[in-house]
Structure formats: C-alpha cells, structure tokens
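Residue-level structural notes
Next come the chains, spelled out residue by residue.
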Number of protein chains: 4
Amino acid sequence: MVKTKLRVGIAGLGRMGKRHAVNFHELTARANVIAASTPDGEEREWGQENLEGVTIYADYDEMLEREDLEAVVIASITAVHAEQAIKAIKKGLHVLCEKPLSIDLDVAQSVLDAYEKSLKTHPNQKVMCGFSRRFDASYREAHERITRGEFGLPVVFRSQTADLIDTSGFFVEYAKTSGGIFLDCSIHDIDLMLWFLGEDSNIRSLQSVGVTAVHPGLQESNDRDNALATLEFAGGKIAALYCTRMMAAGQEDITELICERGSIQVNFQPRKNHVEIHDAAGARRLLPQHYYERFREAFITEAAEFTECCLENKAPPISLRSSVKAVAVGQALQRSLISGEKIVFEGQTLKN
Amino acid sequence: MVKTKLRVGIAGLGRMGKRHAVNFHELTARANVIAASTPDGEEREWGQENLEGVTIYADYDEMLEREDLEAVVIASITAVHAEQAIKAIKKGLHVLCEKPLSIDLDVAQSVLDAYEKSLKTHPNQKVMCGFSRRFDASYREAHERITRGEFGLPVVFRSQTADLIDTSGFFVEYAKTSGGIFLDCSIHDIDLMLWFLGEDSNIRSLQSVGVTAVHPGLQESNDRDNALATLEFAGGKIAALYCTRMMAAGQEDITELICERGSIQVNFQPRKNHVEIHDAAGARRLLPQHYYERFREAFITEAAEFTECCLENKAPPISLRSSVKAVAVGQALQRSLISGEKIVFEGQTLKN
Amino acid sequence: MVKTKLRVGIAGLGRMGKRHAVNFHELTARANVIAASTPDGEEREWGQENLEGVTIYADYDEMLEREDLEAVVIASITAVHAEQAIKAIKKGLHVLCEKPLSIDLDVAQSVLDAYEKSLKTHPNQKVMCGFSRRFDASYREAHERITRGEFGLPVVFRSQTADLIDTSGFFVEYAKTSGGIFLDCSIHDIDLMLWFLGEDSNIRSLQSVGVTAVHPGLQESNDRDNALATLEFAGGKIAALYCTRMMAAGQEDITELICERGSIQVNFQPRKNHVEIHDAAGARRLLPQHYYERFREAFITEAAEFTECCLENKAPPISLRSSVKAVAVGQALQRSLISGEKIVFEGQTLKN
Amino acid sequence: MVKTKLRVGIAGLGRMGKRHAVNFHELTARANVIAASTPDGEEREWGQENLEGVTIYADYDEMLEREDLEAVVIASITAVHAEQAIKAIKKGLHVLCEKPLSIDLDVAQSVLDAYEKSLKTHPNQKVMCGFSRRFDASYREAHERITRGEFGLPVVFRSQTADLIDTSGFFVEYAKTSGGIFLDCSIHDIDLMLWFLGEDSNIRSLQSVGVTAVHPGLQESNDRDNALATLEFAGGKIAALYCTRMMAAGQEDITELICERGSIQVNFQPRKNHVEIHDAAGARRLLPQHYYERFREAFITEAAEFTECCLENKAPPISLRSSVKAVAVGQALQRSLISGEKIVFEGQTLKN
C-alpha cells in the first residue's frame, strides 16, 4: 500500500460540491481535502463550518495558485466546468469533473484537446468526467456479466432517467442553461450505452420525440419534460432511451440489456431500501426521491477510485474521449427532439 | 374420451354453494348439475333464477331420494357436513365435501368409517374433502418439484392463512361454531403440511400460542384472532404455522418449504393480478381481498378433477384419511392454544 | 337471464382454433358449438375425437351453408381471415375473427366495409377482432384506473411483446406470410395503444428501427427479430414499442402508462404463477413460455363476452374500426422499419 | 461541530476485527484508531500492513496500559468479550463490544454490573453491545413507522436469521463454543424483538423445537441447524423466530411486524443489489452470501454513531441492559430446544 495521500481541492460547494467535499474529506481514506473554492458566500460559510482544516477560497484561480494541490474536483455550475478543468489541466493537476463537461460539443472537445496536449508533458495526469453510475455496484455487476459474454452478444440497450416531478418551477428555470433534457437527464444513459455497447461503437442514426406535459414553460427553452429516442449502431445493435421530469413516485432509473441468451436489468424495481409495507393501499415499497439517495454509495466509490488512480498511476475507469462523445450524442438527440428529424450520420457514424 | 356426464346434486347454496353450483353447472364440461337443495328460501330463489334446468329442493333427503344422482357436492354449513356426507355415502354416491368434515374428530372419523364400510359394496365410490389449494397450479408445481427431490429433503414447512380484517363482527359470531381459528383458517395449511411432508408422517409434538388483538369478543368462544404454532415430526422435520384474522392489506396465504438444497415458496408476494402502480405512495401491487379471489381457478379445477375421477374411476387426489387427520391436528392445536400446554403424542405420534 | 344459447361454428382447428373450440364448447355456458371446419385432415380427426356432438367439415363454405349458425369464430390462417369473415358477414352472422384481420390494410378495410354495409340490413350483427389482451383482468384494471383519471392524463405509453426464442426456424418460415414483426407481434401493443390513448386519437408521426440478431433468415422476408418504434400523437402524447423474437426466459409482454400523477404497469414482472424458488442460482420466479400460458383466462373471458354481446345485443368491447386502424399502424411501422424513414402523416394524422 | 477526534483501540483483528478496524480507521471521520491488539501473529502482520500509523499489540492489557485510549472496540472471540469489556470499563473507557456479551447470562450480567458501578465515577462513560441491525436504514425506517403508530399496535413479531449453508464443517466446530444456534444466530432477532416490542416488555413463555438436518455433528454440542421458536409477551403480543444454517441461496434475514392496521417487512425479498437476470432459469435476483454483504453500511453507521455518542455525551442507541436481556432470552430458547419443554416464567416474566 502506497502511504501518501492525495491533496485535493474542491471547486464549487453547491449541492453536489458539498457532497463531494464531505466524501473526499471524511470518507476517502487516501485523500486530504486541503482547499475549496466557491464564489457564493453562503457556500463558503458552510465550508468553514463543516470542512475542518480546509482553506476556503472565493476564487478558483486563487486556490489553484496558492495551494499545493495534486487534484481538483470540479462541482461548480456546468457553464464553468470546461474552463476550470482546462486551467487545472494546464497546471498538470488531476481532474475529476462533474458531468457534463459542457453542453456545447466544441467546448467539451476543447477539454479533451487540452488534456491530450498536457499528457505529453504530464504523462501520469488523470482527467475524468464523473459519471457516477459507472461506480455503482449493480451496474458493475451487469457490465461484468455482459462483458464476459454470459448472455451472448447484447442486441438491445434500453435505459431511462426518470426524475421525481418538481412543481416548484425549478426545472423551467434550470432548462434555460441545461442544454436540454437529453444533455441533462439522459447523459447518464448515453454514457452507459457507450460503456455497454462499446465506447468506439459507431452510431448510424438517431431520432427522438417528446412532449411538454407538466412544465409548459419548458417550451420557451426549446425543451421537453418527456422524451423518447431510438438509436441504431453499426454491427446490429439498437437502443431506446426515455427521460422524464414527471415521475410521481420517485427516481426511477432503469437500464436493461437484452442479449442473445438472456437479459439483465439494473434497478428494474426501484426501491429506496429493504422495507415493504402492506396496508389498505396494497403491498408497497418506497422509492428513492432523488438521484443521490439512489447513488450515494457510487459517489463514495468514485472518490476512492479516482484518488487511487491518481496515487497509483492507474487508468481511470472512464475515458475522457467517451465523455466528449456522450455530449455529441446528447446534443444530436436534443437537435432531433426539436427539429423532428431523424439524424443519419455520414460515413455511417457519429463524428466526434 | 368417455362420453357420459356425471349427474351432480349440490347441497347448500350459500356463498360457497353458489360458487360450486356455477362451477359445476357452467364450467365443468363433463358434469350436469341436475338438482340442488337448501333450507334457505332466498338461496332457493337464487337457484331458480340462476341455475337453468336444475331442480331446487328445500330438503336434502328429498333431493337424494327423488333424483337419480351419481354425485353430491356438499357445501352446506359445517355442522351438517358429516351427516349429509354419510347419507350420500350410504346410497353409494360419490361425495365432494367442503372442508372441514367436522370440527369434531369423532364425527369426522365416522364419515371415514362409513366410507370404508361402503367401499366393500361400492368399490368405485369416491369421497373427497375439498381442500382447494391442492388444485392450485402453484402449489402443484411446488409439490412436484419437492416430490421429485429437486431440492433434497424438506426440513422446515412454514405456512400461513391470513384473512383480511373484517370489522363487522362476523368473525366473532362465526367463532361460536367454527371450532376455532386452527380448524377454520389453518386447516388448509395443515392439509398442505400433510401433503408436503407425507400424509403418513408422524407428529411427535405440537404447541400453539395466540392473542385476541382486534376481536376481543372471540375470548367468549375461547378463540383468538392471531395464533402461532410449531410442530415436530418424526424423521427430523419441523413446521411453523401462522393464522390471523387481522390482515390490513388482503388475503396473504403463504407456504414455504425449506429443503437441504433450496427452498420453494408459494405466494410469497401475494398479488391480485399483474398490475403495479407507482404513485406518491410508492410502488405497489394490489392484493386479493378474499380467499376466492385468490383460488377461483383452483375450485374450477377441483370440480373438473372430481368429476373425472368419478367418471373414470381414478383415485381422488386427496385421501379421506388425511382429511380426518387434518381435523385431528387442528383440534389438538386449538387445545394447546387455549390450555397453553405443549402436546406430546404417545407412542411418538398423533393418533388418528 | 336470457335462456337461449348461441349456435357457434369454428373456422380452423389449428393451434388457436383448437383452443377456441374447447373454450366455446366446454367453458362457455351460453354457447353451443355445433360445427367446425378445417381443410386439414389431422385437425378434422382431432375435432371428431375431442368435440363431442360437433359436426366437422372440410369446407368452410359448406359449413356456412348447411348449418344453422348464429356466429362464427374465425381461427384459420391469417391469409383467409378476411375472406371468411366477409362470407359470414354477408350471411348476417356474428363474427369473432382472430387478429389480425389481414396483413394488408385494403383487405382489412374491405371487412369493415362489408360489415358497415351489412349493418343496414342486420342492425344487431356483431363483428369483432379478437384482441385477447382487452379481456385480461390486469389490462382492464389498468384501463379503468386510467379512464377514471386516477393518475391524470396519460402522457407516455410503452408496450412490448417479447416472445421466447425459437431456434427451430419456425419464425423464419412464418415471416414469409406474417406481414412482419410489427403486424405479427406488436399488433397487440398497437391495439392497446389505441385503447388506452383513444381509438380516435391522431398519430402524427412514427418511425422504427430494428435488427436481425438471431434469425438471419428473416432478412429474406424483409423482417427483423428485434425492433423499436416511437410514435407521436396529436394532443401531446408519445409512445414507444418494442418487439422481439429472442427472449431467453419466456414470454415477457409488458405495458406501461406514465401519467401526470402516477404510472401503471401491467406485467412489469412477468411470472408464470405464484411460485418462487431460492437456490444456488439466486431467488427466481418462472416465466410463462408462450402467449397462451399468460392469456388463457383472457381467451375464456373473450368467448363468454362475445357470446353475451351476440345474445343480448350489446356493443362488442372492441370496435372493428379500431382493429383496421391497428393494421394501418402496424403496416406503417413495418414500412419505416425497412425504409429507415420516419413517416409523418399528412393533415397531421394517420389516414385510415 | 466539536472538533476533537476519538482515540480508539481495537481488540481482535479477526474477521470482524479487521472490518471494525478499517471502518473506524478510514471511514469514520471523527475517530482515530491509534492501537490494536491481537494474540494472533498473522492478524498482527495484517494490522501492520494495513493500518497505517496504528500501533499493534500482542497483548490487550498492554495496549490498555500503554496507550492513551478513550474507547475500545472489542471484536475478539466471544469467550473474552466480557473480560476485556470489564477491564476497559474499570479504566473508564468507552466500549463498543461485539455481540453477544457472553453466552453465559451471569457473565453478561457481570459486564452490566461493572458498567453500572463505573458510571458512578464516570458518568459520561458509554458501553454498548454492537447489534448492527439497529443501524441499518431499513430496520430504522420500520422502527420509526411502528413507533409513531402508523399501523396501530404491533401484535405479531416474526424474524429469522438464515445463513448460507457451509459444508466445510465450520459450524460444527464453531458450535462447541457458540452457545447454540439461538445465541449465535437468533441473538439479532431477539435484540430486534426487544427493540420493536419494548425493551421492558415481559416475556411470559417461550418454547422452541429444532432439528439437525445437514450438520449431524452438531448433535455432539447439543445444537441444531434449524430451529423454530414462539414467545408470548404480557400485553397481548406474540413472536415467532426461525434460524437456520442451511440456506441454499444466501443470507436471508427477514423481519416482519404485523400490526392492527398494516404490516411492515424488512428484507422480505432479500437481494444483493439492484440487478435482475432473465434467462433460461427464469427471472432471478442475486442474494447476499453472508452477513457483512448485507449489513456493511450498518457497521459503518454504527462506528460513526458510537463515536459521536462518546464525543458528544449522547445516550447510545442500544441500552446495555437490553443486551443482557437478549442473552437471557437466547439462553432460555436454547434450553427449551434441547429439553423439549416450554418455559413459563414465574411472576409472569423473564427474570434478568
């Protein structure tokens, strides 16, 4: 066991930033969070009260300059993900960046470009986009079984991200900068699709349709609250995606691989925990109400594994290239959703 | 295919009598219901309106005398089961009698005695107690797998009959003549226990405990609304029973066999049908609200198979001897429930 | 209670014909099967042995001419459905026709035309296409809850027909005349879609994609063994269909309605019966292996209700118009599957 | 937030000791493991390699003497639990002791006596027996719902501990010192029973029966591999326990509370994770293979909460008195198992 600990800085202390900060600070044995930055005063106050021994900055650049960091965890707003990532990359720091890299494919590509350039001088540098489901034990078990060919070739990939309905108007406001439901919700399913069907697999066509059923205000941002997509891959594979912001019962994220000799499902029966209740309403189980309630363990594992791959110079479990491709797919699906047109890729594949 | 149809009379047109009458009349291809009897005027009226071509009698004896019956289905009140059965037996008729034969072991035994005597002159006569679960496809699949040794020897048998709570006071009134919760509810579990562990298996001891939680009036009849029992069998097997009249969600009848190399459960997740609902209460399925909602198909199968075994002189699927033994076990459990004492059987077995 | 029984003839005694014959003959109290016809010698032999009192014909026309039928159940090969239906319609007989009416929209339409013309002289005549799932208790419970607005407006309809893999080559042969996977498998889902979203609802667009993963021979018939489709409806509703001939575990037919305030699923956890097994492979339930194992009860109900609506001059539960529309949708989906093009309907709706 | 960290020593580095050491060392933010002791050389070697900065002792007493500990976690063999606990108690240290305190009621009582005496001089001292299920999120949700009366009064408590079968002979050897299946397996269920029905509730009677089905060698230690028990409580409550060392599928620990207006189950459908597989064997989920796979999170929570109650002088979530009572109940059940006699408690209650 290598003894040193990784010196980590956290960028952003919003909802996800707080979680990453606590996970790296308290629950990641080999990481030391030494600094965090956020332009938000209340968030800084939270940091000072809850992150013992961590220096809190208002300015990301100042943190990078003053602290002797080895790695940065970027959990700020999406709009600055790429910029902050590139700055850290140029300093040779390891980077764990919340998804998505950007809602703009060119910007996302610029992070990859910066990383590939930096690798020439910092060959051990790790840059990874934090697709948390890849660290979930159930997805991993499914992936291992598929990969070892337990059920033969995968033929159909189906996946959905279904958020609990939020009647506060949050989604409508959020949609203005989110890049649309496919980049915001389905980006996880897209990442899983690339992971299960092959990060190098060629997408031949895609199309999507959607409606605004409960959040009519989304129309102004050219967005939808329910959408369906289908994709064709070279090599005889097809995929179906579903995303919604309207689930009444809770977070229902389901993924399914149908193969020649069997199918495997992850979370087909979403459940919050091991409790079941039988009463006049029938026999019921409770559902997780939000993403983190379902995936908290995966985030802790993500922190531990990112730390380990930095300290021990191992390959990160997610390639940055595939994360850029995920943005490309999400952007194309969103374009189809609004235009109503099927997109067929030239040269038989999605260019990224 | 033998062409003749079985000429059937129905005794009793109460809740179960109506069901048997319709099942034999309309849904049993090889049976002709030609007569029915009931002392109840409203029930006779129902019969005249709903049982086309069936002669309705007020008096059971008159029906037996006047009609050229081959078989009788006894679905009258428990108190007259044995008497009516014996009368039919003496006339050489086939008999399907609702459970239990009697709440009194001696009376139950007298039916068996009459049958065994009658067999000398009517060797093809069939007399069977209607334990409907034995005709349920799920119990049958479980029994076949156990019997063929798929999981090795069965070691632990667990079974429960759980009725939906009824706040009308019905159970309190009913308890005065029901013979107690073990003879009324658990008689099915006892029959299944004998079926799965062997009708000839020796019970070495049994005991039970119970409470009256929601129907305090049951105390007057020396009955309980929730009871637990354990039994020991010769040959290294044990059993646990649970019965309740207090289920909030519906009918939850569950049976489980734990064997050396696996376990098998019937109805472990009770469900009314294939519907599932996800809403603010969670993810739920509906439960059957009463026994017949769960076992309707089994009753139809019972009618068909009883008819077939009469017409084709096959052995009935349930031996009358084991049905008498079920009464013996139920009576002993009820005795232990009230006395608080464990009952150990002399000569290492329950006498029946 | 009307006393008369319906005089029924059965056309075709193949797999489904046998089932209909037995159901109407033995399990439908108000129907008398008096005749059956089939050009197949072995099937006629089966009829003579198993259908007591039923006259068996080699020729459909002869049966129609000689017997005093009131109703005909058409369960012959799809290619003659329409022709046989029209002949019976012209004689004023009630008709229950197996799905689909035809794989050709014009032919299907000709049945509807014949019926509408005949209604002028036989105003009580009933003609119904047998979409069995509409008679399944679970689909009915779902439909009632949706219709009474329990969960608000339905927004997303998802449904799949998933057949157990058959390695005998049957599907490849069958595909030559089946009209393709959408007309053969998904026709049930399409019918349910029209039932749940409204038989008069306007389809604005549809598209489908598919692959031949395990039955490469299907390519010759321009068919696929796995296909995905999405549809857009006027009024802000969308639908996703999936059909496969490759399921390893069994028949997995699932339907789901996602509404504003809840979702309802039918058969989300397919199961053969109430048995669960725990052994070294984990905790498992068994799946139905074919369509009839799942829907037998629905077929019996279908027989009873068709009979009742003929005898009592009630409206049939499925309109013939919607069954023609189902063919139109299936044909369009199949066209998209092969052409790769999204189909947008002129005048914002599917013409039928 | 209080800033100090708790200085912890670990006694024993066997299977559970290793887990506690890692949990306190790496995953408990407010604890510092500074020392560990074990008489086993291999275990010490493991500690030196894996517990960075922790001093490893061969002798428990020496650790207590030399190190400035505030708390001790006792995870050594059961035979020394009490002795080690009492030594730490006498030094005024906080103690988290693995279950059971002892297999001998008098010895268990002596720990409680020592603690109560020590409290006079160390009023903030915490001593807690580590019943991990009390820290499991699902049991907690069930307990909260029961406690707030969501389903009315609890009437029937049912619980089982079911271990995966182990054919290595381990259990037979282990049984020689384990105190028997009720003290070893069911002690968790007994603790839960006291927690759910009230730690002060009076047990009026208990009895148990059992068999040795797959580990005949257990007979020599007067033990069984399957056992069933029933218990009566004052105030109209009853309980049923089941324990087995023979489960083919995995760890199946289930608890159920049946109340007047509903029932609540924990882990009724045991599952390892969110994966489901559909293949030729049916539709299946995987089961946890051992206790820690199911309860790892609970152990981490236990470490955090024990630490917090020491640092902030809060009442521990489990009273030491109830843990002694659990030993009394387990010992009585084991006595009944072997004697075959029902035990009725004088003065209507179990003396402890």
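Residues numbered from 1 in each chain as written. Chains lettered and ligands numbered in written order. Predicted model: local features only at pLDDT ≥ 70, side-chain atom pairs only at ≥ 80, totals over all residues. Heavy atoms only, no water.

Focus on the overall build of chain A
Put simply, the rule is: Numbered from the N terminus, helices here are DSSP runs of H or I no shorter than four residues, and strands are runs of E no shorter than two. Under the scheme applied here, a residue whose accessible area is under 20% of the maximum for its type counts as buried, over 50% as exposed, and between as partly exposed, the area being computed with a 1.4 Å probe on protein chains only. In short, Shrake-Rupley with a 1.4 Å probe defines the accessible areas, and a residue's cover is counted only from the protein chains shown. The positive count covers Lys and Arg only, the negative count covers Asp and Glu only, and His and the chain ends enter neither. In this description, the location of a charge corresponds to atom NZ of lysine, CZ of arginine, CG of aspartate or CD of glutamate.
Counting its secondary structure elements, chain A contains 11 helices and 15 strands. Each of the three principal axes of chain A carries a C-alpha extent, and together these read 55 × 50 × 45 Å. Within the span of chain A, comprising 352 residues, buried residues form 63% of the whole. Put simply, chain A shows about 12600 Å² of open surface, and 48% of that area lies on carbon and sulfur atoms. Charge-centre separation for chain A: the mean point of 40 positive side chains lies 5 Å from the mean point of 50 negative side chains.

A closer look at helix H4 (residues 78-90) of chain A
Residues and elements named next belong to chain A. The condition that has to hold: A helix is expected to reach a length of 1.5 Å times the quantity of its residues less one. A contact between two residues is defined here by any heavy atoms of the two lying within 4.5 Å.
With 13 residues, H4 should reach 18 Å at 1.5 Å per residue; the first-to-last C-alpha distance of 19 Å fits that figure. Inspection of H4 places His-81, Ala-82, Gln-84, Ala-85, Ile-86, Ala-88 and Ile-89 among the buried residues, and these make up the whole buried set. In this structure, the buried side of H4 is in contact with strand S1 (6-11), helix H3 (60-66), strand S4 (71-74), strand S5 (94-98), helix H5 (105-119) and strand S6 (127-130). Within two residues after H4, Gly-92 carries a phi angle of roughly 80°, on the positive side.

What about the interface of chain B and chain D?
This is how it is decided: Take the accessible area each of two parts loses on contact, using a 1.4 Å probe, and add the two losses: that sum is the buried area. A pair is scored as a salt bridge if a Lys or Arg side-chain nitrogen falls within 4 Å of a carboxyl oxygen belonging to Asp or Glu. Polar contact is the term for a pair of N or O atoms within 3.5 Å; when the atoms are in protein, one must be able to donate a hydrogen and the other to accept it, and sequence-neighboring residues count only if both atoms are side-chain atoms. Under the convention adopted here, Pro, Cys and the residues Ala, Val, Leu, Ile, Met, Phe, Trp and Tyr are nonpolar, Asp, Glu, Lys and Arg are charged, and Gly plus all remaining residues are polar.
With 36 residues of chain B at the contact, the number on the chain D side is 35 residues. Taken over both partners, the interface formed by chain B and chain D buries close to 2900 Å², and the fraction arising from carbon and sulfur atoms is 68%. Its largest share of buried area at the contact with chain D, chain B owes to Leu228(B), Ile238(B) and Lys342(B), together 18% of the area lost on that side. At the boundary of chain B with chain D, the tally comes to zero salt bridges. Our enumeration of links across chain B and chain D arrives at seven residue pairs in polar contact (both at pLDDT 80 or more). Elements supplying a minimum of two residues to the side of chain B that touches chain D: strand S7 (154-164), strand S8 (203-211), strand S9 (226-233), strand S10 (237-247) and strand S11 (254-259) of chain B. Of all the elements, S10(B) adds the most residues to the side of chain B that touches chain D, at seven residues. By residue class, the composition of the side of chain B that touches chain D is 21 nonpolar, nine polar and six charged.

A short note on the pattern of salt bridges
Counted according to the given criterion, the structure contains 108 salt bridges over all chains. Note that Glu256(B) and Arg158(B) form a salt bridge whose closest N and O atoms lie 2.9 Å from each other. Here Glu256(B), found in strand S11, pairs with Arg158(B), found in strand S7; they are 98 residues apart in sequence, far enough to count as distant. In this pair, the class of Glu256(B) matches that of Arg158(B), namely buried. The salt bridge partner of Glu150(C) is Arg145(C), with a shortest N-O separation of 2.7 Å.

Side note on the sheet that holds strand S6 (residues 127-130) of chain D
Residue and element names in this part refer to chain D. Rule in force here: Two strands pair under a simple rule: DSSP has to find at least two bridges between them. Between the N-to-C directions of two axes lies an angle of 0 to 180 degrees, each axis being a line fitted to C-alpha atoms and, for a helix, fitted only over the stretch in contact.
If you trace the six strands from one edge of the open sheet to the other, you get S3-S2-S1-S4-S5-S6, paired in parallel fashion. The outermost strands of the open sheet, each flanked by one partner alone, are strand S3 (55-57) and S6. Ignoring strand direction, the axes of neighbouring strands in this sheet form an average angle of 25°. The pairing of strand S1 (residues 6-11) with strand S2 (residues 31-37) spans six bridges and is classified as parallel. Across the sheet, residue Ile-10 finds its bridge partner in S2, namely Ala-36.

Topic: the interface of chain C and chain B
Opposite the 38 residues of chain C that make contact, chain B presents 37 residues. Interface area, chain C with chain B, both sides summed: about 3200 Å², of which 46% is carbon and sulfur. When the buried area of chain C at its contact with chain B is split by residue, Glu52(C), His274(C) and Glu276(C) rank highest and sum to 19% of it. Scanning the region where chain C abuts chain B turns up two salt bridges. Taking the shortest distance from any N to any O, the salt bridge between Lys272(B) and Glu141(C) comes out at 2.9 Å. Joining chain C to chain B, the criterion identifies 16 residue pairs in polar contact (both at pLDDT 80 or more). Where the side of chain C that touches chain B is concerned, the elements lending two or more residues are helix H2 (41-50), helix H6 (137-147), strand S12 (262-266), strand S13 (275-279) and helix H10 (291-311) of chain C. The residue inventory of the side of chain C that touches chain B, partitioned by class, reads 12 nonpolar, 10 polar and 16 charged. Across four bridges, strand S12 (residues 262-266) of chain B lies against S13(C) in antiparallel orientation. When the sheet's bridge partners are listed, Val266(B) is paired in S13(C) with Val275(C).

Digging into the domain arrangement of chain A
Interface size is often expressed as the accessible area that is lost when the parts come together. Residues and elements named next belong to chain A. The criterion, for reference: Domain extents, as shown, originate in an automatic or database domain assignment.
On domain assignment, one finds that chain A holds domain 1 (6-131) and domain 2 (133-297 + 326-344). The C-alpha centroid of domain 2 is placed 27 Å from the C-alpha centroid of domain 1. Each partner contributes residues to the interface: domain 1 has 13 residues there, and domain 2 has 18 residues. Overall, the association of domain 1 and domain 2 removes approximately 1300 Å² of surface from exposure, summing both partners, and the carbon and sulfur fraction of that is 63%. Remark: the boundary between domain 1 and domain 2 carries five residue pairs in polar contact (both at pLDDT 80 or more).

Observations concerning the relation of the copies chain B and chain D
Using the following cut-off: To line up the copies, we fit them by least squares on C-alpha atoms, keeping just the residues with pLDDT of at least 70 in both.
After a rotation of 180° and a shift along the axis of 0.0 Å, chain B superposes on chain D with an RMSD of 0.0 Å. This pairing of chains is accounted for by a two-fold axis. Relative to the rotation axis, the closest C-alpha in chain B is found at Lys342(B), a distance of 3.4 Å. Here 97% of the contact residues of chain B are again contact residues in chain D; the copies associate through an equivalent surface.

Considerations on the packing of helix H6 (residues 137-147) of chain B against helix H10 (residues 291-311) of chain B
Each pair of packed helices can be described by the angle between their axes along with the distance between the axes. Residues and elements named next belong to chain B. Cut-off, in case you're wondering: Under this scheme an angle from 65 to 115 degrees is roughly perpendicular, one under 35 degrees roughly parallel, and one over 145 degrees roughly antiparallel; angles in between are oblique.
Where H6 meets H10, the axes come as close as 9 Å, and the angle between the chain directions of the two elements is 75°. Judged on the interaxial angle alone, H10 and H6 are roughly perpendicular. Contact residues: Ser-138, Tyr-139 and Arg-140 in H6; Arg-294, Phe-295, Thr-301 and Glu-305 in H10. Residue composition of the contact of H6 with H10, by class: two nonpolar, two polar and three charged.

Some thoughts on the packing of aromatic side chains
Here is the rule: Each aromatic pair joins two rings of Phe, Tyr and Trp (for Trp, the six-membered one) with centres within 6.5 Å, and gets the label stacked for planes under 30 degrees apart, edge-to-face for over 60, and tilted for any other angle. Over a ring means this: the NZ of a Lys or the CZ of an Arg is within 6 Å of the ring centre and within 35 degrees of the ring normal.
This model, assessed by the stated rule, comprises 34 aromatic pairs over all chains. Seen in terms of ring centroids, Phe170(A) and Phe171(A) are 5.6 Å apart; in terms of plane orientation they differ by 55°. Their pairing is tilted. What makes Phe170(A) partly exposed here is its relative accessible area of 41%. Put simply, the rings of Tyr139(A), Tyr291(A), Tyr292(A), Phe295(A) and Phe299(A) pair up and form one aromatic cluster. The residue whose ring lies beneath Lys18(B) is Trp46(B), and the NZ or CZ to ring-centre distance is 5.5 Å.

Quick look at the state of the cysteines
Our working definition: Cysteine sulfurs are considered disulfide-paired once they come within 2.5 Å of each other.
Per the counting criterion, the structure on display carries zero disulfides over all chains. Free cysteine: Cys259(A), not disulfide-bonded; nearest cysteine sulfur from Cys243(C) at 18 Å. Residue Cys97(D) stays outside any disulfide, its sulfur separated by 5.5 Å from that of Cys129(D), the closest cysteine. A relative accessible area of 1% means that Cys97(D) is categorised as buried.

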